[in-house]
Amino acid sequence: MSSLPKVLVVEDEVAIQELLRYSLEQAPFAVVVVTSAEQALSEIRSELPSVVLLDLMLPGMSGINLARHLRAQGRTRELPIIMVTARAEEADRIAGLNIGADDYVTKPFSPTELIARIRAVLRRRAPHLASDVVEAGPLRLDPQART
Ligand code: CA
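Residues numbered from 1 in each chain as written. Predicted model: local features only at pLDDT ≥ 70, side-chain atom pairs only at ≥ 80, totals over all residues. Heavy atoms only, no water.

Draft legend 1. Spotlight on the sheet that holds strand E4 (residues 81-86). Reading across the sheet, the 5 strands line up as E2-E1-E3-E4-E5 and stay open at both edges, with parallel pairing between neighbours. Of all the strands in the sheet, just strand E2 (30-34) and strand E5 (103-107) have a single pairing partner and so form its edges. Neighbour to neighbour, the strand axes of the sheet diverge by 20 degrees on average, direction disregarded. For strand E1 (residues 6-10) and E2, the ladder comprises 5 bridges, and the chain directions are parallel. Paired with leucine 8 across the bridge in E2 is valine 32. Along the sheet, helix H3 (residues 63-72) contacts E1, strand E3 (51-55) and E4; its crossing angle with E3, the most-contacted strand, is approximately 150 degrees. Contacts between helix H5 (residues 111-125) and the sheet are confined to E1, E3, E4 and E5, with E5 contributing the most and set at about 170 degrees to the helix. (Pairing = 2+ DSSP bridges. Helix = DSSP H or I, 4+ residues; strand = E, 2+ residues; numbered from the N terminus. Axes fitted to C-alpha atoms, helices over the stretch in contact; angles between N-to-C directions. Contact = heavy atoms within 4.5 Å.)

Right, here's the structure in full:
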């Protein structure tokens, strides 16, 4: 089992899937790519990812409906979601933020910026995955140094 944060990419465009897989693996993250919201649900049922990178324009169930579904279930309510939208889809972006997506990027996006946003969301939602030092009173936990 990998100890890298796992990014579930929900994206139907092959060229973008390949760009995302390459950039995210270099980060490094563990990457799983699915091409529909339905496949994403089945993947999430078998194993919770650390974060979902969600294209809003998908064939079949939309990204917005997937995000709404995830937010309505106890097991996935806190699952970090970053939406990927086209610049023109402002209404979708607002809808996504309204139902509790954590962040969004617009296409065409810079992989470096995307990775920075994923790291920021992981730090906010799951501090133990971001490898930050945690201090509580006299205790100092450094996950990288394992001390
Ligand atoms: Ca799409």
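There's more to say after this.
Draft legend 2. Structural context of the pairing of E4. Counting buried residues along E4, 5 of its 6 residues qualify, which places the element largely inside the surrounding structure. By the bridge criterion, 4 bridges tie E3 to E4 in an arrangement that is parallel. The partner of aspartate 55 across the bridge, within E4, is valine 84. Viewed along the sheet, the connection from E3 through H3 into E4 turns out right-handed. As defined by bridge partners, E4 adjoins E5 across 5 bridges and the pair is classed as parallel. By the bridge assignment for E5, isoleucine 82 is matched with aspartate 103. (Buried < 20%, exposed > 50% of the residue type's maximum accessible area, 1.4 Å probe, protein only. Right-handed = clockwise from strand over helix to strand, strands pointing away.)

Draft legend 3. Structural context of the coordination of the calcium ion. The coordination sphere of the calcium ion contains the protein donors Asp12 (OD), Asp55 (OD) and Met57 (O), at a distance range of 2.1 to 2.3 Å. Mapped onto the sequence, the donors of the calcium ion take the spacing D-x42-D-x1-M. With aspartate 12 in the loop between E1 and helix H1 (14-26) and aspartate 55 in strand E3, this residue pair connects regions lying 43 residues apart in the sequence. The class of aspartate 55 is buried, set by a relative accessible area of 2%. (Donors = N, O, S within 2.8 Å, 3.2 Å for Na, K, Ca; no water.)

Draft legend 4. Quick look at the pattern of salt bridges. Scanning all chains against the criterion turns up 9 salt bridges. Its salt-bridge partner being lysine 107, residue glutamate 11 comes within 3.5 Å of it at the nearest N-O pair. Of this pair, glutamate 11 sits in the loop between E1 and H1 while lysine 107 sits in strand E5; the two residues are 96 residues apart in sequence, bridging distant segments of the chain. On the basis of relative accessibility, which here comes to 1%, the residue glutamate 11 falls in the buried class. Put simply, aspartate 102 and arginine 71 hold a salt bridge, and the shortest N to O gap is 3.1 Å. Residue aspartate 102 is found in the loop between helix H4 (90-98) and E5, and its partner arginine 71 is found in helix H3; the two are separated by 31 residues along the sequence. For the pair shown, aspartate 102 and arginine 71 are each scored as buried. Connected via shared salt-bridge partners are Glu11, Glu13, Asp55 and Lys107. (Salt bridge = Lys/Arg side-chain N within 4 Å of Asp/Glu carboxyl O.)

Honestly, it's all geometry; don't read function into it.
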